[in-house]
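Spelled out, the chains give:
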Amino acid sequence: MPELRKNPADHSWVIIATERSKRPSDLIKKSQGAKEDKGGSRGANGGRPAPGTPEAGCPFCEGNENKTPPEVFAFRKPGTQPDTPGWTVRVVPNKFAALSPEGSPDRTKRGLWDTLNGVGAHEVIVEGTDHWASWPQKDSSQVTAILKAWQARYRAQGEKPFIRYTQLFKNHGLTAGASLAHPHSQLISTPFVPDQVQRELDISRKYWESEGRCLYCDLLAAEEQEGIRAISSTPYFLAFCPFASRFPSEVWILPRRHQPSFAAMDDVETEDLSALLIKILGVFYAQLGDPPYNLILRTSPHGEQGAYAAYHWHLRLLPRLSIVAGFEWGTGIFINPSSPEEAAKFLAEHLGPSRLNQGEQTS
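Residues numbered from 1 in each chain as written. Predicted model: local features only at pLDDT ≥ 70, side-chain atom pairs only at ≥ 80, totals over all residues. Heavy atoms only, no water.

Before we go on, may I ask you to explain the overall build of the protein chain in this structure?
Helix and strand content of the protein chain: seven helices and 15 strands. Counting over 363 residues, the protein chain shows a buried share of 51%. Nonlocal contacts in the protein chain, meaning residues at least 24 apart in sequence, comprise 67% of its contacts between residues at least 6 apart. As displayed, the protein chain has an accessible area near 16600 Å², and 55% of this comes from carbon and sulfur atoms. (Helix = DSSP H or I, 4+ residues; strand = E, 2+ residues; numbered from the N terminus. Buried < 20%, exposed > 50% of the residue type's maximum accessible area, 1.4 Å probe, protein only. Contact = heavy atoms within 4.5 Å. Areas by Shrake-Rupley, 256 points an atom, 1.4 Å probe, with all protein chains shown as cover.)

It is not clear to me how the packing of helix 3 (residues 195-211) against helix 4 (residues 215-226) should be interpreted in this structure. Could you clarify?
Any two packed helices are characterised by how steeply their axes cross, that is the angle between the axes, and by the distance between the axes. The interhelical angle for the contact between helix 3 and helix 4, taken along N-to-C directions, is 80 degrees, at an axis separation of 8 Å. In this view, helix 3 runs roughly perpendicular relative to helix 4, as classed from their interaxial angle. The residues of helix 4 that touch helix 3, namely those facing Glu 200, Ile 203, Ser 204 and Tyr 207, are Leu 215, Tyr 216 and Asp 218. Partitioning the contact of helix 3 with helix 4 into residue classes produces four nonpolar, one polar and two charged. (Axes fitted to C-alpha atoms, helices over the stretch in contact; angles between N-to-C directions. Parallel < 35°, antiparallel > 145°, perpendicular 65-115°, else oblique. Nonpolar A, V, L, I, M, F, W, Y, C, P; charged D, E, K, R; others polar.)

Explain the pairing of strand 6 (residues 113-116) to me, please; I cannot follow it from the model alone.
Looking along a regular strand, one sees the side chains alternate between the two faces of the sheet. Summarising the sheet, strand 5 (residues 107-110) and strand 6 pair through four bridges and their orientation is antiparallel. Counterpart to Arg 110 in the pairing with strand 6 is Trp 113. Where strand 5 folds back on strand 6, the antiparallel hairpin that results is connected by two residues, among which Gly 111 adopts a positive phi of roughly 60 degrees. (Pairing = 2+ DSSP bridges.)

Help me understand the packing of aromatic side chains in this model?
How two aromatic rings sit relative to each other is given by the distance of their centres and the angle of their planes. Applying the stated criterion across every chain yields a total of eight aromatic pairs. With a centroid separation of 5.2 Å and an interplanar angle of 80 degrees, the aromatic rings of Phe 262 and Trp 313 are classed as edge-to-face. A residue pair is termed long-range when its members are at least 10 positions apart, and Phe 262 in the loop between strand 12 (251-255) and helix 5 (267-287) and Trp 313 in the loop between strand 13 (293-298) and strand 14 (314-319) qualify at 51 residues. Like Phe 262, the residue Trp 313 is buried in the burial classification. Here the aromatic cluster, defined as three or more aromatic residues joined through ring pairs, consists of Trp 135, Trp 150, Phe 237, Phe 262 and Trp 313. The ring centre of Phe 334 lies 5.6 Å from the NZ or CZ of Arg 246, which sits over that ring. (Phe/Tyr/Trp six-rings, centres within 6.5 Å; stacked < 30°, edge-to-face > 60°. Lys NZ or Arg CZ within 6 Å of the ring centre and 35° of its normal.)

Got a minute to help me understand the confidence of the model for the protein chain in this structure?
Per-residue confidence for the protein chain gives a mean pLDDT of 87; residues scoring 70 or more make up 85%. Segment residues 30-46: pLDDT under 50, and 21 contacts once partners within four positions in sequence are set aside and those in other chains are kept. (pLDDT = per-residue confidence, 0-100.)

Explain the pattern of salt bridges here, please?
Opposite charge on two side chains permits them to pair, given that their charged atoms come into close proximity. As enumerated under the stated definition, the model contains 19 salt bridges in all. As a salt-bridge pair, Glu 127 and Lys 170 come within 2.8 Å of each other at their nearest N and O atoms. Of this pair, Glu 127 sits in the loop between strand 7 (121-126) and helix 2 (140-158) while Lys 170 sits in strand 8 (residues 165-172); the two residues are 43 residues apart in sequence, bridging distant segments of the chain. Accessibility assignment for this pair places Glu 127 and Lys 170 in one class, buried. Across the pair Arg 246 and Glu 250 runs a salt bridge, and its minimum N-O distance is 4.0 Å. With a relative accessible area of 17%, Arg 246 lands in the buried category. Here Glu 250 falls in the buried class, since its relative accessible area comes to 1%. Put simply, Glu 71, Arg 76, Asp 83 and Arg 90 are held in one network by salt bridges that share partners. (Salt bridge = Lys/Arg side-chain N within 4 Å of Asp/Glu carboxyl O.)

Would you mind showing me how to read the state of the cysteines here?
Among covalent bonds in proteins, the disulfide is the one between the sulfur atoms of two cysteines. Counting across every chain of the model gives zero disulfides. No disulfide involves Cys 214; its sulfur sits 3.7 Å from that of Cys 217, the nearest cysteine. Using a relative accessible area of 26% as the deciding quantity, one classes Cys 217 as partly exposed. (Disulfide = S-S within 2.5 Å.)

Is there a simple way to think about empty space enclosed by the protein in this case?
To find leftover empty space, one rolls a probe the size of a water molecule over the atoms. For the structure shown, the criterion picks out two cavities of 30 Å³ or more. Volume-wise, the largest cavity comes out at about 40 Å³. If you trace the largest cavity, you find it lined by Asn 7, Pro 8, Leu 219, Glu 223, Phe 240, Pro 242, Phe 243, Ala 244 and Trp 252. Residue classes in the lining of the largest cavity are distributed as seven nonpolar, one polar and one charged. Of the pockets and cavities examined, the second largest cavity occupies roughly 40 Å³. Around the second largest cavity, the lining residues are Ser 134, Pro 136, His 172, Leu 281, Phe 284, Tyr 285, Asp 290 and Tyr 293. Here the residues of the lining of the second largest cavity are counted per class, giving five nonpolar, two polar and one charged. (1 Å grid on protein atoms, 1.4 Å probe; cavity = no way out; pocket = protein on both sides within 12 Å on 5 of 7 lines; lining within 4 Å. Points joined across faces, edges and corners; volume = space filled by probe spheres on them.)

Structure (structure tokens):
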């Protein structure tokens, strides 16, 4: 029988309808990019060109720096100049920005119509010079550099007086919203805290006030103790399929250390998270056919961090293995045709040993 489940983090409801599908592997979709990679025209290396081979006309490939707006941040080889080759991670303003860095967030209300100037920021984090290497094909140091670039740009946005919230995210695959194949992620900063984020902040604050503890710390402990949805445990993070998963094989990654802000993650934690993401996305690539996915960061807003002490930053990995249709859009209630328990079992089997399935004690 289908089951309604309530997400303790944001109080949204999810329908787990296992009758609609049997196992996570039944939901595998090959992304458009994965299908193209099977063609013989791309040669060796799993159908891909050799690592580092540029794609003609790609604005994110090394040597095409003049095709993007001037960079605002980069990790570079010593002696190289901005907007020239020699970078490893490069951040540029989005050429087709959703929000503008110019102006002020003036608000206008006329009857029922409430408007706010579209000021903020929209940046692209180009995740390396290799046009063909997604995260499973990168080494840990490369993904660490990407996450450090995320942190640097998050901090930079927080220095702007009118910016309240910064959303960092990665779209992989056409149906997940990626318009360019070259691996990249994005940042959009807004002059207000989005309603969905504010709702989670309010719920975590109320839980802290009533229980005297962090909701997400309790969630991590409960998932680890129950074990049936946990997929990988490291010294610094726990990865699990959440109880009220909206999508088949949805994964949350929570830091063990209570941290409201993503900016608080230290170098050791960043390296640990990089290795964990590579493992999980490697299973997505090898076992789920490299599906389109969205990777999103949930973190505290900018400003006085004491106001958000109850929050706990984390990552959410949302593979597009099912279609969001009319009922979901009409109600906000998602129908998930695969139970998170079965998804977790499937992913854990292919992730290999971790602290969790070795039975070690965790902090």
